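Breakdown of the fold
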Amino acid sequence: MTDTREPPSDVDYARATARMGMYLFLATEVMLFGGLFAALMVARILHGDETALASQRFNLWLGAANTVILLTSSLAVACAVEAAKACRRRWAAGGLAAAVGLGLVFLAIKAVEYYEEYAQGLIPGLGDRAPDLQPAEVLYINLYLVATGLHAVHMLVGLAMLSGLALGLAFDRVRLPRQFATVEIAGLYWHLVDIVWVFLFPALYLAR
Amino acid sequence: MTREIGRLVLVWLVLVALLAVAVGLSFVPLGALSPALNMGIAVVKAALVAWYFMHLRHESGLIRLAALGAMLWIFLLLLLMATDYVARDAFPG
């Protein structure tokens, strides 16, 4: 079979390696959250009723709102990457800025939820313990706190990257098309943060 | 570019619709079917995000394999753990 196409240029090759590297890193992130999901799954298998009780204590509507917000911010990032591919610098910066704004709204709503749970006495070690908590419920609530907390940390890292890139694109420090791969792989990270939440939401909030 | 963005917005609409379905189903008492359905919907949503938002539809086979591999290993972990715990009641001792 003769291959008469041009060999990939250096830029293409660098871009492909960057993407592959990011996907490998994302695979490790999947493993990280995977351990937590496995714990959630075992807790649900062994203590199905208490899991449902614990899940009912979380604010379903705030969680659903957060899911929509994160999906929209993923859309904004995907559009920003498309704009970057077309070398539309300002549109790309705007898309990333919108994603960052939505991400901050997500974190604000999460903070409200955490405060609600604190007020209900669900946070271990803080405030008054709620009176009718089973041990297995406490387990599930702790898993929820660890999982969403870890996710929030990932979101902060992602937001830092995206806002740095947004500023870089706005002030023409990040050059397109030469540094398109940077924008692209930051977008990939953000989409993974979204995918993790897409699985976290039903596992935590819809286990009722 | 506008056509691609239109496609992305369409995918977003499907994702939000799937979310609405999942939330709605959580109010219906389905018993053991409920976690399977929820996870099924989540898998479809993740696949949509990966295929369209992460541009896997434009990528080479090797990159798709890397993405798929990550999912494969986690499902192996969850599947084998689940079979362990679910089977413990069936075969005591």
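Regarding the overall build of chain B
- The helix and strand tally for chain B stands at 3 helices and 0 strands.
- Order of helices (α) and strands (β) in chain B, N terminus to C terminus: α-α-α.
- Taking 2.2 N^0.38 as the reference for a compact globule, 93 residues should give roughly 12 Å; the C-alpha atoms of chain B span a radius of gyration of 17 Å, well beyond that estimate.
- Over its C-alpha atoms, taken along the principal directions, chain B stretches across nearly 60 × 35 × 10 Å.
- Residues counted as buried form 33% of the 93 residues belonging to chain B.
- Long-range pairs, those at least 24 residues apart, make up 59% of the contacts in chain B with a sequence separation of at least 6.
- Between the centroid of the 6 positive side chains of chain B and the centroid of its 4 negative side chains there is a distance of 14 Å.

Some points on helix H2 (residues 48–57) of chain A
Residues and elements named next belong to chain A.
- Of the positions making up H2, those classed as buried are Thr-51, Ala-52, Ala-54 and Ser-55. One face of H2 carries all of its buried residues, which in axial projection span an arc of 165°.
- Packed against the buried residues of H2 are helix H1 (10–46), helix H5 (135–170) and helix H6 (180–205).

Considering unusual backbone geometry
- Even without being glycine, A:Cys87 reaches a positive phi, approximately 60°.
- Relative to the helices and strands, A:Cys87 resides in the loop between helix H3 (60–85) and helix H4 (89–119).

A look at the interface of chain B and chain A
- Every contact between the two is made by 42 residues of chain B and, on the other side, 44 residues of chain A.
- Here chain B packs against chain A, burying approximately 3,800 Å² in sum over the two surfaces, 83% of which is carbon and sulfur.
- Scanning the region where chain B abuts chain A turns up 0 salt bridges.
- The interface formed by chain B and chain A includes 2 residue pairs in polar contact (both at pLDDT 80 or more).
- The set of elements that each furnish at least two residues to the side of chain B that touches chain A consists of helix H1 (2–25), helix H2 (33–53) and helix H3 (61–86) of chain B.

Quick notes on a nonpolar patch on the surface
- A cluster of nonpolar residues, A:Met31, B:Leu72, B:Trp73, B:Leu76, B:Leu79 and B:Leu80, forms a patch on the protein surface that exposes about 620 Å² of accessible area.
- Ranked by residues supplied to the nonpolar patch, first place goes to H3(B) with 5 residues.
- In this structure, A:Met31 sits in helix H1.
- Residue classification places A:Met31 among the partly exposed residues on the basis of a relative accessible area of 38%.

What to know about empty space enclosed by the protein
- Enumeration over the complete set of coordinates arrives at 4 cavities of 30 Å³ or more.
- Computed from the structure, the largest cavity encloses a volume of approximately 40 Å³.
- Lining the largest cavity, in full, are A:Val198, A:Phe201, A:Pro202, A:Leu206, B:Leu19, B:Ala22, B:Asn38, B:Ile41, B:Ala42 and B:Lys45.
- The element that contributes the greatest number of residues to the lining of the largest cavity is H2(B), accounting for 4 residues.
- For the lining of the largest cavity, the residue count by class is 8 nonpolar, 1 polar and 1 charged.

With respect to the packing of aromatic side chains
Residue and element names in this part refer to chain A.
- Using the criterion set out here, one finds 11 aromatic pairs over all chains in the structure.
- Ring geometry for Phe-106 against Trp-197: centres 4.9 Å apart, planes inclined by 85°, an arrangement best described as edge-to-face. Taken as a pair, Phe-106 in helix H4 and Trp-197 in helix H6 lie far apart in primary sequence, 91 residues in all.
- Both rings, one in Tyr-144 and one in Tyr-205, keep their centres 6.1 Å apart while their planes meet at 80°; by these two values the pair is edge-to-face. Of the two residues, Tyr-144 is situated in helix H5 and Tyr-205 in helix H6; the sequence distance between them amounts to 61 residues.
- Taking the relative accessible area as the measure of exposure, Tyr-144 reaches 0% and is therefore buried.
- Every member of this aromatic cluster is reached through a ring pair, and the members are Phe-58, Phe-106, Tyr-114, Tyr-144, Trp-197, Phe-201 and Tyr-205.

As for the confidence of the model for chain B
Residue and element names in this part refer to chain B.
- On average, residues of chain B score 83 in pLDDT, and 96% of them reach the 70 mark or higher.
- Element-level pLDDT for chain B is lowest in H2, with a mean of 84, against a maximum mean of 88 in H1.
- The ipTM value of the predicted complex is 0.86, and its pTM value is 0.88.

A short note on the nonpolar core
- With 98 residues, the main nonpolar core has A:Tyr23, A:Phe201 and B:Phe53 as its most contacted residues.
- Among the elements of the structure, H1, H3, H4, H5 and H6 of chain A together with H1, H2 and H3 of chain B are those that each provide at least two residues to this core.
- Not counting the four nearest positions on each side in its chain, A:Tyr23 is found in contact with A:Leu188, B:Met54, B:Leu56, B:Ile63, B:Ala66 and B:Ala67.

Some remarks on the side chain of A:Glu117
Residues and elements named next belong to chain A.
- Within the fold, Glu-117 resides in helix H4.
- Buried and unpaired, Glu-117 has Lys-110 as its nearest opposite-charge partner, separated by 5.4 Å.
- Leaving out residues up to four positions away in the same chain, Glu-117 has contacts with Phe-58, Leu-122, Ile-123, Tyr-144 and Leu-145.

Definitions and limits used
- Residues numbered from 1 in each chain as written.
- Chains lettered and ligands numbered in written order.
- Predicted model: local features only at pLDDT ≥ 70, side-chain atom pairs only at ≥ 80, totals over all residues.
- Heavy atoms only, no water.
- Helix = DSSP H or I, 4+ residues; strand = E, 2+ residues; numbered from the N terminus.
- Rg over C-alpha atoms; globule rule 2.2 N^0.38 Å.
- Buried < 20%, exposed > 50% of the residue type's maximum accessible area, 1.4 Å probe, protein only.
- Contact = heavy atoms within 4.5 Å.
- Lys, Arg positive; Asp, Glu negative; His and termini not counted.
- Charge placed at Lys NZ, Arg CZ, Asp CG, Glu CD.
- Arc of directions from axis to C-beta.
- Buried area = accessible area lost by both parts, 1.4 Å probe.
- Salt bridge = Lys/Arg side-chain N within 4 Å of Asp/Glu carboxyl O.
- Polar contact = N/O pair within 3.5 Å; in protein donor to acceptor, adjacent residues only side chain to side chain.
- Patch = residues over 30% accessible without salt bridge, like charges linked within 9 Å, V, L, I, M, F, W, Y side chains within 5 Å.
- Areas by Shrake-Rupley, 256 points an atom, 1.4 Å probe, with all protein chains shown as cover.
- 1 Å grid on protein atoms, 1.4 Å probe; cavity = no way out; pocket = protein on both sides within 12 Å on 5 of 7 lines; lining within 4 Å.
- Points joined across faces, edges and corners; volume = space filled by probe spheres on them.
- Nonpolar A, V, L, I, M, F, W, Y, C, P; charged D, E, K, R; others polar.
- Phe/Tyr/Trp six-rings, centres within 6.5 Å; stacked < 30°, edge-to-face > 60°.
- pLDDT = per-residue confidence, 0-100.
- Core = buried A, V, L, I, M, F, W, Y, C linked by side-chain atoms within 4.5 Å.

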